[in-house]
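# Observations on the model geometry
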Amino acid sequence: MKGWVRLVALAVVVLAAVPATVVAQTRGGSIRIGMDADTTTMDPHRSTAAVDRQVYNNVYGKLVDIDARFGIVPQLAQSWEIKGGGLVYVFKLRRGVKFHDGTDFTAEIVKWNFDRMRDPALASARRSEIAPVKDVKVVDPLTVEITLSAPFAPFLSVLTDRAGMMVSRAAVEKYKDDFARNPVGTGPFRFVEWVKDDHLTLKRFDGYWESGLPHLDEAVYRPIPDSSVRFTAMRTGQIDIMHQIHPKDVGTAKAERGVKVSEIASLWWQGLHLNNQVAPFTNKAIRQAVWYAVDRNVVQRVAYFGSGAPAWGPFPPSMWAQDRDFTDWKRDPVKAKAKLADGGMPNGFAFTVKGWNQPIQIQELQIVQAQLKELGVDMKIELLEFGALLADLNSHNFVALRIGWSGRPDPDGNAHVFLHSKGGLNRVRYSNSRMDELLDQARSEADQAKRKVLYAQVTRLAAEDAPYIWLHHDAEVKVWAEHVKGFEHISDGMMRFKGVWLDKR
Amino acid sequence: MMDPASLRAIALRQFRRSWVGQVGAILVVLFLIVTVLAPLLAPYDPIATDFANVLSPPTRTHPLGTDDIGRDILSRVIHGSRVSLQAGLFTVAVALTVGLPLGLLAGFRGGRVDDLIMRGIEVILSFPTLVLALGITAVLGPKLIHALFAIGIVFVPHFARLIRAQVLTVKENDFIAAAEALGASDVRVMRLHVLPNCLAPILVQSSFSIAFAILTEAALSFLGLGTQPPTPSWGIMLAMGRGYLEQAPWLGAFPGLAIFVTVLGFNLLGDGIRDALDPRLKT
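Residues numbered from 1 in each chain as written. Chains lettered and ligands numbered in written order. Predicted model: local features only at pLDDT ≥ 70, side-chain atom pairs only at ≥ 80, totals over all residues. Heavy atoms only, no water.

## A word on the overall build of chain B
- Secondary structure summary: chain B contains 12 helices and zero strands in total.
- Secondary structure elements in chain B, listed N-terminal to C-terminal, are α-α-α-α-α-α-α-α-α-α-α-α.
- Within the span of chain B, comprising 283 residues, buried residues form 47% of the whole.
- Within chain B, contacts between residues separated by at least 24 positions form 72% of all contacts whose residues are at least 6 apart in sequence.
- Computing the positive centroid from 21 side-chain charges and the negative centroid from 18, chain B places the two 5 Å apart. (Helix = DSSP H or I, 4+ residues; strand = E, 2+ residues; numbered from the N terminus. Buried < 20%, exposed > 50% of the residue type's maximum accessible area, 1.4 Å probe, protein only. Contact = heavy atoms within 4.5 Å. Lys, Arg positive; Asp, Glu negative; His and termini not counted. Charge placed at Lys NZ, Arg CZ, Asp CG, Glu CD.)

Written out as structure tokens, the structure is:
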């Protein structure tokens, strides 16, 4: 029921937003996108890298999507109904949707997609995301009913990402493991070619279900890992839109003629992982000492040039779950000293933090290093290449490690995996039964006001236990050339190109 | 045969005549003074941060400006010279320790021993220098000492080949045959008669190698495989400065200049020594 109401509300908003003088939208053209990294795989059910999602959002249709205000909006599912106390989701699918290979998108295909993600043999990264799914039933060719084992408030939000992306059954059966290089979806663009570390090209899908869309003929993704080089490519017209800009360049970008800059709150958090199973961070008081020793405002001002916001928990300012009344995260050397004494190390201690060998990360770590040094804590920095850093993180091979999280639209996705004792990304091996209870309760509660209260408790307990030292929430910044029109900037940072056109006159 | 003292006098005279060598010597001496007196010369602690004074352009209080977390660049450039000197000396020491005995042995013994050693050396030589150094540091882990060791290993073939070539000419001399005829052991002949006659080219090669080691350390640190922060290394400073070329060019310019001048100094000095010791140039 709620879905229908939202749909109508959305229609009203969209109609009201149409300007009186409609700008003529040009068909055709190719958009060149500057990326911070290359795509890792084209199979959304197997992807584990944030960068992949950028391409997927244009190749694959999803059951639902999010809008700029984090509202869930229809995509392949035209509408939905939640029944049985949040246990049953009934999706009405859009009629006449075709995959790029010409096959039909039906309820049968949706069921098959869920079965694929849930198949242990595929070892899908989506499996844990949709763990609460108990049963998927085809009601009629355009209606599918999904039953959960327990109420799971973030479910629709999870479906706005890769778990909701529908792949072509015919293509998977034809290409098998090679599907990752021969992707077929229902999105506005179809896959053409991918030359590793050079470019990935998409072409307009003429059979796309939204009439008149997309406007562009082609989208070319180019990985340019160095932020400065990427920005130069932007300024010299080699790319039309760029993903991830170093905060220091934002000012320059804003002053640049012919370039547009959009800065909104992101879903990210950055911080230190403290290994709760390795000395000295087995000791809560020592973790708390680090919590009070760092000055998050300095990190924001110096490393991020004032952009984004200081972080004292997993929820960024863009989320309703953020507890804005909480203040016990400011730097307090006296408290930090007291905590060191409580922990039996009044004169400080030494430890090594592992970090990614990237300018902004190095800068941030050195700021923390200087702040800890004032308390006699000697933090040594070991810089690694990203792959090596991830490997050490996943194998718990660290005392402290600095890394970020790109975030999920629902607060559950920013907290449960990291703070629950069974969380999939709880590499610090933090465990507190009270925390588990709060997180489980929050994800099964449908009422947002009640969830907000629970997440405030999560924030405070996490600050008290300090398994992570949250430092910063990045700003989500996109830079594009003035001739790029119709781009809608959304907090998840995904670039959706179906409504974009080029105005090169 | 001339007496050694007068040989030395000729070389010295020769060196004094070459302005190239002298400029090199002056730069190297300056570099050594800065290295030794670093704590006295540096106006600030090279790792002390001042978050209220980030990316400050050169001013009276900070003659070369401050970096991205408010550290004094002059102090960091001064202290960075120590990493560079360490890099130069340590790598040449590694290269000599391994390369010298190998070259001596190969040249003196010849035959199978020579074949075995030189083919092994050629294998190392077939890798591009920086790629080999990168590979070694990647395996050992990103630490300064590993990076230096890697550069040292990379230099081994150059020293080994140079020494072997020198030994080949030296060992044909009559005084070697005389020593052998008198019953001197191989080790004694190598140590007392062959080695001293190889010193000149080793000196020249060392000077060039120090310059190259400083560059390679800077390159490895630039790539994040050498010195770890906050230790000031010119390579790291250059790497960090690169991102601020537009906003704060002094971040990269000064460490870059320091690398340039130091490497130039050692190269000129090497040129000067080579010319001074070159018998063909003797007047």
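More follows now that the structure is in view.
## Thoughts on the sheet that holds strand β18 (residues 468-473) of chain A
All names here are of chain A.
- With respect to topology, six strands assemble into an open sheet ordered β14-β18-β13-β17-β15-β16, the strand pairing being mixed. Pairing within the sheet leaves two strands with one partner each, and these edge strands are β14 (309-310) and β16 (378-384).
- Judged from the six bridges that link them, strand β13 (residues 269-274) and strand β17 (residues 400-405) form a sheet pairing that is antiparallel. Paired with G271 across the bridge in β17 is I403.
- Contacting β13 and β18, helix α8 (residues 284-293) runs over the sheet at an angle of about 20 degrees to β18. (Pairing = 2+ DSSP bridges. Axes fitted to C-alpha atoms, helices over the stretch in contact; angles between N-to-C directions.)

## Observations regarding the nonpolar core
Residues and elements named next belong to chain A.
- Within the largest apolar cluster, 79 residues are counted, with the highest numbers of intra-cluster contacts made by L63, F91, L93, F105, F114, F155 and F497.
- Counting only domains with at least three residues in this core, you end up with domain 1 (2-10 + 28-32 + 188-266 + 476-502) and domain 2 (60-171).
- Once residues within four sequence positions are removed from consideration, L63 is found in contact with P74, Q75, L76, A77, L93, F105, V110, F114, L159, G164 and M166.
- Core analysis: the second largest hydrophobic core is formed by 63 residues, L267, A289, L375 and L393 among them. (Core = buried A, V, L, I, M, F, W, Y, C linked by side-chain atoms within 4.5 Å. Domains from an automatic or database assignment.)

## Brief notes about the confidence of the model for chain B
- With 96% of its residues at a pLDDT of 70 or more, chain B shows a mean pLDDT of 86.
- Here the complex is predicted with pTM 0.80, and the ipTM for its interfaces comes to 0.72. (pLDDT = per-residue confidence, 0-100.)

## A closer look at the sheet that holds strand β7 (residues 143-148) of chain A
All names here are of chain A.
- Read from one edge of the open sheet, four strands run β4-β5-β7-β6, paired in antiparallel fashion. The open sheet terminates on both sides in strands that have one partner only, identified here as β4 (77-83) and β6 (133-140). Strand-to-strand twist of the sheet, defined as the mean angle between neighbouring strand axes without regard to direction, takes the value 20 degrees.
- Taken together, the six bridges between β4 and strand β5 (residues 88-93) define a ladder with antiparallel strand orientation. By the bridge assignment, K83 is partnered in β5 with V88.

## Comments concerning a nonpolar patch on the surface
All names here are of chain B.
- A cluster of nonpolar side chains, contributed by I26, V29, L30, I33, V36, L37, L40 and L41, occupies part of the molecular surface with about 750 Å² of accessible area.
- Sorting the residues of the nonpolar patch by element identifies α2 (19-36) and α3 (38-41) as the ones contributing at least two each.
- The element that contributes the greatest number of residues to the nonpolar patch is α2, accounting for five residues.
- Among the structural elements, L37 can be located in the loop between α2 and α3. (Patch = residues over 30% accessible without salt bridge, like charges linked within 9 Å, V, L, I, M, F, W, Y side chains within 5 Å. Areas by Shrake-Rupley, 256 points an atom, 1.4 Å probe, with all protein chains shown as cover. Salt bridge = Lys/Arg side-chain N within 4 Å of Asp/Glu carboxyl O.)

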